[in-house]
Amino acid sequence: MMKKKRIVLGISGGIAAFKSASVASQLTQRGYDVRVIMTQSATKFITPLTLQTLSQHTVAVDTFDEHEPKVVQHIDLADHADLVLLAPATANIIGKLALGLGDDMLSTTLLATQAPILIAPAMNVHMYENPVVQKNMQLLKNQGCYFIAPGEGQLACGYVGQGRMAEPENIVNWVERFFTSKKLLSGKRVLITAGPTREQMDPVRYFSNYSSGKMGFALAEAAKEAGAEVILVSGPVSQSTPTGVNRIDVKSTEEMKEVVLSYLPQADIIIKAAAVADYRPKQIWEQKMKKSADEITIVLEKTPDIAAEIGKRKQAHQFFVGFAAETEQVAYHAQSKLERKRMNLIVANDVSQPGAGFGIDTNIVTIFDRQGEVVSLPQMNKIEVARRLIHLIGERIDAY
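None of these values were measured; they are calculated from a predicted model.

Participant: Even after reading the chapter, I still don't get the side chain of Ser-20, so can you show me in this structure?
Facilitator: Residue position: Ser-20 is located in helix H1 (residues 17-29). Of note is the side chain of Ser-20, whose polar atom sits 2.5 Å from the backbone oxygen of Ala-87. Apart from the residues within four sequence positions on either side, Ser-20 is in contact with Leu-9, Ile-11, Leu-51, Ala-87 and Pro-88.

Encoded structure:
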């Protein structure tokens with residue numbers, strides 16, 4: 001690393017606090033300057049001496065225990081952090097941060113810092129699923145905090161479900177990626193499409209598909225993390241807009257085409273992750289079609305091929321990435337699409353495969369270029385797939 005990054009590791013009072021020792025140790029061994037803050041409750045699970053030994057710095061617990069007269073400790077820690085990591089993050093500390101409460105060393109530091117905050121929740125499955133906790137986490141996501149989702153399995157309380165703090169290796173790897181890829185796309189403008197499109201039949205009915213937009217929104221988040229200016233053109237979805245992303249909502253394929261082509265000349269990277277409708281009703285009824293005949297015939301016509309139009313218009317410096325959702329002969333159809341539409345990369349998945357496809361949080365993809373398969377990714381969370389793809393794009397666009 002060019003500069004030794006400082007990480008403030010906040011440990012709150014949950015049984016997963018024992019994992020924080022491994023997090024502190026691994027980060028320190030990788031060259032990070034780790035400063036630990038513990039809540040009083042956290043000290044019931046693991047001692048400050050353990051964290052002091054592993055981080056090689058004094059551990060802060062008491063807001064009023066000031067060792068250096070020239071500085072206010074929680075402000076000094078807040079000001080000099082490159083990243084604040086909450087691991088484990090209990091429902092209590094998440095609630096405090098969401099509500100802007102500061103009543104101890106950790107919560108006051110969180111309120112004072114302007115550094116990015118990464119939160120690794122850990123709690124009972126019912127606590128994690130509680131609507132209030134979910135609302136607090138969504139609020140923090142909207143404010144720009146990052147989350148690394150808890151795992152599923154046997155919990156310390158005896159329940160089985162989601163709530164186990166992410167493994168230390170996964171947390172440390174996230175931190176490594178954050179600092180290595182943060183500026184990977186700095187100065188680049190990325191145009192991303194996401195979600196389905198809707199093709200109207202009458203005032204109350206339309207043709208569409210199962211796309212939730214999760215993959216496209218994950219890509220927008222990952223591109224923003226990598227320092228890009230992101231324009232996200234989305235069909236009708238219920239996803240929250242990633243912090244700092246410019247989102248433009250559309251409904252039909254025609255509307256998406258018009259917006260995409262208007263922004264295309266300004267884009268350095270185009271990622272077409274939307275699952276647009278391939279056909280639309282040739283006739284649109286002005287009034288609601290009444291149920292009368294036992295059968296009806298709807299004549300469909302092709303919608304505009306946005307990917308083909310991008311391929312025709314893209315300039316030499318522009319990097320074009322497409323997606324291929326297939327159910328058979330995935331590699332063949334994906335590579336054919338890449339060639340026909342002048343893409344630089346294409347991300348293919350078999351949407352009939354468990355763990356991949358529409359409406360779920362995971363994906364299983366294979367990425368191809370003109371020479372063939374580049375990488376095959378196993379089942380992983382869509383945000384992790386997005387980060388891997390953004391990193392690959394960043395590597396290639398420098399040499400493009």
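Participant: I tried to follow the environment of Asp-268 on my own but got confused; where do I start?
Facilitator: Secondary-structure assignment places Asp-268 in the loop between helix H10 (253-263) and strand E13 (269-272). For Asp-268 and Gln-315, which are 47 residues apart along the polypeptide, the C-alpha to C-alpha distance reads 9.2 Å. Of the polar contacts made by the side chain of Asp-268, one reaches the backbone nitrogen of Arg-189; its length is 2.8 Å.

Participant: I tried to follow helix H12 (residues 330-340) on my own but got confused; where do I start?
Facilitator: Because the α-helix completes a turn every 3.6 residues, residues three or four places apart line up on one side. Taken together, the buried positions of H12 are occupied by Val-330, Ala-334, Lys-337 and Leu-338. One side of H12 carries all its buried residues, which in axial view fall inside an arc of 100 degrees. Opposite its buried face, H12 presents the exposed residues Tyr-332 and Arg-340, each directed more than 90 degrees away. Where H12 is buried, its residues meet strand E16 (319-326), strand E17 (345-350) and strand E18 (362-369).

Participant: So what exactly am I meant to see when it comes to the domain arrangement of the protein chain here?
Facilitator: Put simply, an interface is often sized by how much accessible area is lost when its parts join up. When the domains of the protein chain are assigned, the result is domain 1 (6-182) and domain 2 (189-285 + 292-397). Contact with domain 1, which involves 10 residues of that partner, is made by 9 residues of domain 2. When the two sides are added together, the surface that domain 1 and domain 2 hide from each other amounts to roughly 760 Å², 42% of it contributed by carbon and sulfur. At the boundary of domain 1 and domain 2, one finds 1 salt bridge. A salt bridge links Arg-177 to Glu-384; the nearest nitrogen and oxygen atoms lie 2.7 Å apart. Scanning the region where domain 1 abuts domain 2 turns up 3 residue pairs in polar contact (both at pLDDT 80 or more). Taken together, the elements giving at least two residues each to the side of domain 1 that touches domain 2 come down to helix H7 (131-142) and helix H8 (168-181). Here the residues of the side of domain 1 that touches domain 2 are counted per class, giving 2 nonpolar, 5 polar and 3 charged.

Here is what the cut-offs are and how they apply
Residue numbers restart at each chain and count upward from 1, following the sequence in its written direction. Where local features are concerned, this predicted model is filtered to residues with pLDDT of at least 70; where side-chain atom pairs are given and counted, the filter is 80 or more; whole-chain, interface and lining totals use all residues. The side-chain numbers reported here are obtained from all heavy atoms of the structure, hydrogens and water having been left aside. A run of H or I in DSSP becomes a helix once it reaches four residues, and a run of E becomes a strand once it reaches two; helices and strands are each numbered from the N terminus. Any N or O atom pair separated by 3.5 Å or less is treated as a polar contact, with the protein-specific requirement of one donor-capable and one acceptor-capable atom, and with residues adjacent in sequence counted only for side-chain atom pairs. Only heavy atoms enter the contact rule, under which two residues are in contact if any of them lie within 4.5 Å. Each residue is assigned to one of three classes by its accessible area relative to the maximum for its type, calculated with a 1.4 Å probe on protein chains only: buried under 20%, partly exposed between the two thresholds, exposed over 50%. Directions are taken from the helix axis to each C-beta atom, and the arc is the one they span. What counts as a domain boundary in this text is fixed by an automatic or database domain assignment. When two parts are brought into contact, each loses some accessible area as probed by a 1.4 Å sphere; the total of that loss over both is the buried area. Salt bridge criterion: a side-chain nitrogen from Lys or Arg within 4 Å of a carboxyl oxygen from Asp or Glu. Note on residue classes: Ala, Val, Leu, Ile, Met, Phe, Trp, Tyr, Cys and Pro are nonpolar, Asp, Glu, Lys and Arg are charged, and everything else, Gly too, is polar.

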